[in-house]
Amino acid sequence: GQNIDQPTEMTATEGAIVQINCTYQTSGFNGLFWYQQHAGEAPTFLSYNVLDGLEEKGRFSSFLSRSKGYSYLLLKELQMKDSASYLCAVDNTNAGKSTFGDGTTLTVKP
Amino acid sequence: DAGITQSPRHKVTETGTPVTLRCHQTENHRYMYWYRQDPGHGLRLIHYSYGVKDTDKGEVSDGYSVSRSKTEDFLLTLESATSSQTSVYFCAITEGGGYGYTFGSGTRLTVV
């Protein structure tokens, strides 16, 4: 079976740093994705991790530990526009299809 | 140029009627997917395609069928719409590997 867990909601302050965690138990693993989804819009791709370690991309970084079934998305220097849902998704190795967590809604306050 | 478009963007239909949603891509990607998104359930895979005429079921395929007769088009049909199929439907494409999905803008379907 597939199980992906993320916190439902988080709140942080503008200019701060926030870490969104994701734990997974899946039957196959070919990488882990993070997507951002603003309210009423489609998700957009943020990052991909297939090897253990940290991938940095501007203000956003993503970390993976395959042995622990754990990932996190780190957002630095938070801006109001970062208020959105963040979706963790595992690539199940079969035709590139991904299983998604329910998402974490991040609210950034002034 | 969006690269992937969905139509219609919004639709209201009656219970028991058939409904077809269209996904069109101009990226020539092999893989196409239909997901539905509901509050409390995140994105759930309905059907996917890994080539022309090659499709397979996802985790919530009951009541849905798909067709892919051309690389660029992937159709999702609700054979007899029910209220439980009221949802936002997203089409996604990818070339595979670590490139992630590109999503269409979504179709908001309401079954009354």
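If you're wondering where the values come from, they're calculated on a predicted model, not measured in any experiment.

Focus: the interface of chain B and chain A
Okay, so step 1: On the chain A side, the residues contacting the 20 residues of chain B number 18 residues.
Okay, so step 2: Roughly 1,400 Å² is buried in total at the junction of chain B and chain A, and carbon and sulfur atoms are behind 58% of that figure.
Okay, so step 3: The three residues of chain B that bury the most area against chain A are Leu-43, Tyr-101 and Phe-103 of chain B, which together make up 30% of that side's buried surface.
Okay, so step 4: Scanning the region where chain B abuts chain A turns up zero salt bridges.
Okay, so step 5: For the pair chain B and chain A, the number of links is four residue pairs in polar contact (both at pLDDT 80 or more).
Okay, so step 6: Where the side of chain B that touches chain A is concerned, the elements lending two or more residues are β4 (31-38) and β5 (42-51) of chain B.
Okay, so step 7: The element best represented in the side of chain B that touches chain A is β5 of chain B, accounting for five residues.
Okay, so step 8: When the residues that make up the side of chain B that touches chain A are grouped by side-chain class, the tally is 11 nonpolar, nine polar and no charged.

Remarks on the nonpolar core
Okay, so step 1: Ranked by size, the top nonpolar core spans 20 residues in total, and within it Leu-32, Trp-34, Leu-75, Leu-78, Tyr-86 and Leu-106 of chain A carry the most contacts.
Okay, so step 2: Those elements that provide at least two residues to this core are β3 (18-25), β4 (32-37), β7 (60-65), β8 (70-75), β9 (84-91) and β11 (104-109) of chain A.
Okay, so step 3: By size, the runner-up hydrophobic cluster in this structure holds 19 residues, among which are Ile-4, Trp-34, Ile-46 and Leu-109 of chain B.

Observations concerning the sheet that holds strand β6 (residues 53-57) of chain A
Residues and elements named next belong to chain A.
Okay, so step 1: Sheet architecture is open: five strands sit in the order β1-β3-β8-β7-β6, paired in antiparallel fashion. Two strands in the sheet have a free side with no partner beyond their single neighbour: β1 (3-5) and β6. Here the average twist between neighbouring strands, direction ignored, is 15°.
Okay, so step 2: Two strands pair when backbone bridges link them, and β7 and β8 are joined in this way by six bridges, in the antiparallel orientation. The partner of Phe-60 across the bridge, within β8, is Leu-75.

Rules behind the numbers
Residues numbered from 1 in each chain as written. Chains lettered and ligands numbered in written order. Predicted model: local features only at pLDDT ≥ 70, side-chain atom pairs only at ≥ 80, totals over all residues. Heavy atoms only, no water. Contact = heavy atoms within 4.5 Å. Buried area = accessible area lost by both parts, 1.4 Å probe. Salt bridge = Lys/Arg side-chain N within 4 Å of Asp/Glu carboxyl O. Polar contact = N/O pair within 3.5 Å; in protein donor to acceptor, adjacent residues only side chain to side chain. Helix = DSSP H or I, 4+ residues; strand = E, 2+ residues; numbered from the N terminus. Nonpolar A, V, L, I, M, F, W, Y, C, P; charged D, E, K, R; others polar. Core = buried A, V, L, I, M, F, W, Y, C linked by side-chain atoms within 4.5 Å. Buried < 20%, exposed > 50% of the residue type's maximum accessible area, 1.4 Å probe, protein only. Pairing = 2+ DSSP bridges. Axes fitted to C-alpha atoms, helices over the stretch in contact; angles between N-to-C directions.

The values are spatial; any link to function lies outside them.
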